[in-house]
Amino acid sequence: MAANADTVFESGALAEPRAPVDSHAIADLAQRAERLNQTIRDRATHPNHRKTLRKFVGTEVADLLDLKVETLYRRLDRHPTLPQGITPNPRRRDFTLQEIYALRKAFDLPPKRAPGQRGLVVSICNFKGGVAKTTTAAHLAQYLVMHGYRVLLVDLDAQASLTQLFGILPHTEVGDEQTVRTFLEGPNFRGEPSPQWTGDLRYVVQETHWANLDLIPSNLGVYGAEFAIAARLRDEDGFAFYRPLSEGLAPLRNDYDVIILDTAPSLSFVNSNAMFAADGLLITLPPAMIDLQSSSLFFELVAELMENFNRTEASPKTYDFASVLLTRVKPKDKTHAQISKWIRQYFPQETCSQTVVQSSALEKVGPDLMTLYEVDDYDGDRRTLERAIEAMNSANGEVELLIRQSLEARAEASSRATVALSSERDKDP
Ligand SMILES: Nc1ncnc2c1ncn2[C@@H]1O[C@H](COP(=O)(O)OP(=O)(O)O)[C@@H](O)[C@H]1O
Ligand SMILES: [Mg+2]
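Draft legend 1. Representation of the overall build of the protein. Broken down by element type, the protein carries 16 helices and ten strands. Here the C-alpha atoms of the protein give a radius of gyration of 24 Å, agreeing with the 22 Å that 2.2 N^0.38 yields for 429 residues. Over its C-alpha atoms, taken along the principal directions, the protein stretches across nearly 95 × 70 × 50 Å. Relative to its full complement of 429 residues, the protein shows a buried share of 35%.

Draft legend 2. Quick peek at the site of ligand 1. Around ligand 1 lies a shell of 17 residues, among which A132, K133, T134, T135 and L362 are the nearest. Elements with a minimum of two residues in the shell around ligand 1: α6 (133-146) and α15 (360-365). A per-element tally of the shell around ligand 1 places α6 first, with three residues. Taken together, the residues of the shell around ligand 1 break down into five nonpolar, nine polar and three charged.

Draft legend 3. The sheet that holds strand β3 (residues 92-95), seen in detail. Pairing in this open sheet of three strands is antiparallel, and the strands run β1-β3-β2 from one edge to the other. The open sheet terminates on both sides in strands that have one partner only, identified here as β1 (56-57) and β2 (86-89). Note that β2 and β3 share two bridges and pair antiparallel. Its bridge partner being in β3, I86 is matched across the sheet by D94.

Draft legend 4. Structural context of the nonpolar core. Ranked by internal contacts, the top residues of the largest apolar core, which has 93 residues, are V151 and I260. Ranked by residue count, the leading element in this core is α6, at eight residues. For this core, the two domains that each supply at least three residues are domain 1 (56-95) and domain 2 (120-405).

Reading the values: rules and limits
Residues numbered from 1 in each chain as written. Chains lettered and ligands numbered in written order. Predicted model: local features only at pLDDT ≥ 70, side-chain atom pairs only at ≥ 80, totals over all residues. Helix = DSSP H or I, 4+ residues; strand = E, 2+ residues; numbered from the N terminus. Rg over C-alpha atoms; globule rule 2.2 N^0.38 Å. Buried ≥ 20, exposed ≤ 12 C-beta atoms within 10 Å, placed from the backbone. Near = placed C-beta within 6 Å. Nonpolar A, V, L, I, M, F, W, Y, C, P; charged D, E, K, R; others polar. Pairing = 2+ DSSP bridges. Core = buried A, V, L, I, M, F, W, Y, C linked by C-beta atoms within 7 Å. Domains from an automatic or database assignment.

As structure tokens, then:
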């Protein structure tokens, strides 16, 4: 080490005085970083700056529709008006996601939404960064869409990683008024009526390259919503700081089966809104000491926040589920194994039995702004990718079950309420 330092010193590298780093220099760094982001995005979205989705091969389609591939092809032969896929070579038959959706409908396959059933809001949360919240939000959303759900993803993090994963540059391609920001400012922010105010968040929903998967993007401006909500708390009588997001999403529950919130790693006003809007919590947690330690603070703060809601709300806040998903698990790491064991011991009901392993496939496709489900040509051992997808599917399948149980329980409760209401009405003379 010492020899190295000496060499550097002798070479004169340290003797050279550095120019002081002023704000212009940092601003220049910002510009270069933004140019780099753009280059990466353009590389991933060649040629029209829009991401496109790969096609799905016949065996995959059969799997998604829960059919044997022979059964699928036989049915398609019998019904030539159904999407037949295209055959790039005699051994392969490719379908688009829209075609899979059309087949699902034609074959009358579940999941079917009960009439009048409202979508479920799931918040992916943890007040720590780097715990795979965004990765989980994107993969879960895409998994649900492939299985026939209509999904809305809401990027609530000013860092906008989720938005970038969909091939959108937050800084240059998303205006503040295209995020939740303007809506959270309210109809009369700082005494001025807001021209964009429509009472709900539909106006900021964008379609994505995934059919049936829409996105409310984010940018740095979402951070400004913190100050806006603080100002409203000061200026508006009886303003419940945690309510706007839930109210803005309420009508969208008629448009989607599941609304997934990707949250920021902080206890912010925006996150309090996510906590109130959510029907279910999925807490992503790597089995590492540092993440485990911060989780006790997370649960404590959420409990406090819920108490806060309960002081003003008519009925106490509850969640249909608050489940822990172990993420970034290194299967061969002894410490990970030990901590996973402890977590399962202390949260036996809450911890999902499936885990998401740390996968080199995910690391590899990161620079291409891809999820595992989007990869077409994998630059490596295809089996590594397949194993990673399989693990991701198992974890997502377990979360889907939580969601489905919750949707079914809600449908049942609302049909019981309808029956009770109509029998009340029948009693009226
Ligand atoms: N299972 C995994 N295998 C490999 N890398 C992962 C995995 N899950 C997440 N990562 C990587 O970890 C980093 C942080 O993940 P991210 O989803 O952005 O976390 P968060 O949203 O909680 O900050 C990202 O670079 C992501 O690609
Ligand atoms: Mg994130």
